Amino acid sequence: MRVKSLSLKNFRNYEQATIMPDAGVTVFVGPNAQGKTNILEALHLCCLGRSHRTARDEELIRWGAPSARVQIQTTQQDGTHEVTILLDKTQKKKKLVRIGARPAERIGELLGHVCGVLFSPEDLSIVKDGPAERRRFLDMQLSQLRPQYFYALQRAVRTLNQRNTLLKEIAKNPSLLPTLDMWDEQLAIVGTEIARNRREAIAMLGEEAKKAHASLTGGREELRLWYVSQTADGADAADQLLARLRAARSEDLRRMTTTVGIHRDDMDVTINGKEARTYASQGQQRSAVLSLKLAQLEMAARETGEAPILMLDDVMSELDPSRRRQLIERIDRVQTFVTCTDLSDLAGAKQGAVYHVENGILSV
């Protein structure tokens, strides 16, 4: 896949910008807080329909403007794709997605038109922070590769929220207790589907991340990924999850929240058999995240049949020379968008287009 053009209007600090990226590496260079990351945010928005930095779409609209537009054109094996995302504070529908000239009825229709992997310094939270960050990492990867997973995840979130609301209502009105059965059954079915996809993803990511990490560390360290879930694997997985939900019902009623299910899943990351979150150094954790991102690239290429775009947000300066060289080797294989404060951070890379960024203005 290749991005042919990206245009912004009133997006973040950009009044107007058009980018014609290189087929290889496109660099955005300039001091901090000038708008470099906003370019990658716009690309990410086209991939998943949401920012990687905020859940509030209105924050993406330029200060003082009523609306914003991001438009991207890509070429893939099946032809040209064009995606337009319109954000408007004044309309009832705050976000409108167009695929070509056709408005998308659901955000899931966007998935697959632009596929990308983003690596930023904040991604260290995947290893350092709690299970929610690792679930988010998995969910975002699977959602853009498997639209059916995205819809299943939406159903799971709705079902979980409705069950939790019901648990609170039962505390006031115990006669509602029998209605829990319906929500337990739905949660077991959709939870099993999500767990199956996550298990498959971790197996694929684990295989590729292990190889990438061995290369990054000269074979001194072994990175392993483990799926931790209350959902079993097998033909009767839904029945087993349903039984666990019913066994936990008394505790759920007492806490007024659901204590069993895929919202408790985790992905354990170990280095040489030790939990990376607790025992790894900052450098080891950064290498683990880099390995996960490289594994994402390989998984996306395997699932879709073509390489995704790679977005690197000011990460080169964070890496030692050895890890930087390993990453640069991967850059040469895919279309890459890089932000940096100094072009020397990319020494050794085949630089294509270079845009200088100053206060939301691009110059070549």
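Our subject is the structure listed above.
Below is a summary of the structure that appears in this document. (Residues numbered from 1 in each chain as written. Predicted model: local features only at pLDDT ≥ 70, side-chain atom pairs only at ≥ 80, totals over all residues. Heavy atoms only, no water.)

1. Quick notes on the packing of aromatic side chains
Any aromatic ring pair is given by two values, namely how distant the centres are and how the planes are angled relative to each other. For the coordinates displayed, the defined rule picks out two aromatic pairs. Aromatic side chains Phe28 and Tyr355 sit 5.6 Å apart centroid to centroid with 20 degrees between the ring planes, which places their arrangement in the stacked category. Residue Phe28 is found in strand 3 (residues 25-29), and its partner Tyr355 is found in strand 14 (residues 351-358); the two are separated by 327 residues along the sequence. Overall, the relative accessible area of 0% leaves Phe28 in the buried class. Over the aromatic face of Tyr151 sits the side chain of Arg106, whose NZ or CZ is 4.0 Å from the ring centroid. (Phe/Tyr/Trp six-rings, centres within 6.5 Å; stacked < 30°, edge-to-face > 60°. Helix = DSSP H or I, 4+ residues; strand = E, 2+ residues; numbered from the N terminus. Buried < 20%, exposed > 50% of the residue type's maximum accessible area, 1.4 Å probe, protein only. Lys NZ or Arg CZ within 6 Å of the ring centre and 35° of its normal.)

2. Notes on the environment of Ser229
Take Ser229: it is sitting in the loop between strand 9 (223-228) and helix 6 (237-247). Given a relative accessible area of 25%, Ser229 falls into the partly exposed group. Those residues in contact with Ser229 that lie beyond four places of it in its chain are Ala195 and Asp265. In this structure the side chain of Ser229 is engaged in a polar contact, spanning 2.9 Å, whose partner is the backbone nitrogen of Thr231. In terms of polar contacts, Ser229 uses its side chain to reach the side chain of Asp265, at 2.9 Å. (Contact = heavy atoms within 4.5 Å. Polar contact = N/O pair within 3.5 Å; in protein donor to acceptor, adjacent residues only side chain to side chain.)

3. Looking at the pattern of salt bridges
Side chains that carry opposite charge are capable of pairing whenever their charged atoms lie near each other. Following the criterion strictly, the structure yields 26 salt bridges and no others. The partner of Glu200 in a salt bridge is Arg196, with the nearest N and O atoms 3.5 Å apart. Of the two residues, Glu200 and Arg196 are both situated in helix 5 (residues 180-216); the distance of four residues between them amounts to about one turn of the helix. With a shortest N-O distance of 2.7 Å, Arg302 and Glu208 are connected by a salt bridge. Of this pair, Arg302 sits in helix 9 (residues 282-304) while Glu208 sits in helix 5, and the two are 94 residues apart along the sequence. Judged by its relative accessible area of 42%, Arg302 falls in the partly exposed class. Take Glu208: its relative accessible area is 13%, and that puts it in the buried class. Members of the salt-bridge network, linked through shared partners, are Arg163, Asp181, Asp184, Arg249 and Asp252. (Salt bridge = Lys/Arg side-chain N within 4 Å of Asp/Glu carboxyl O.)

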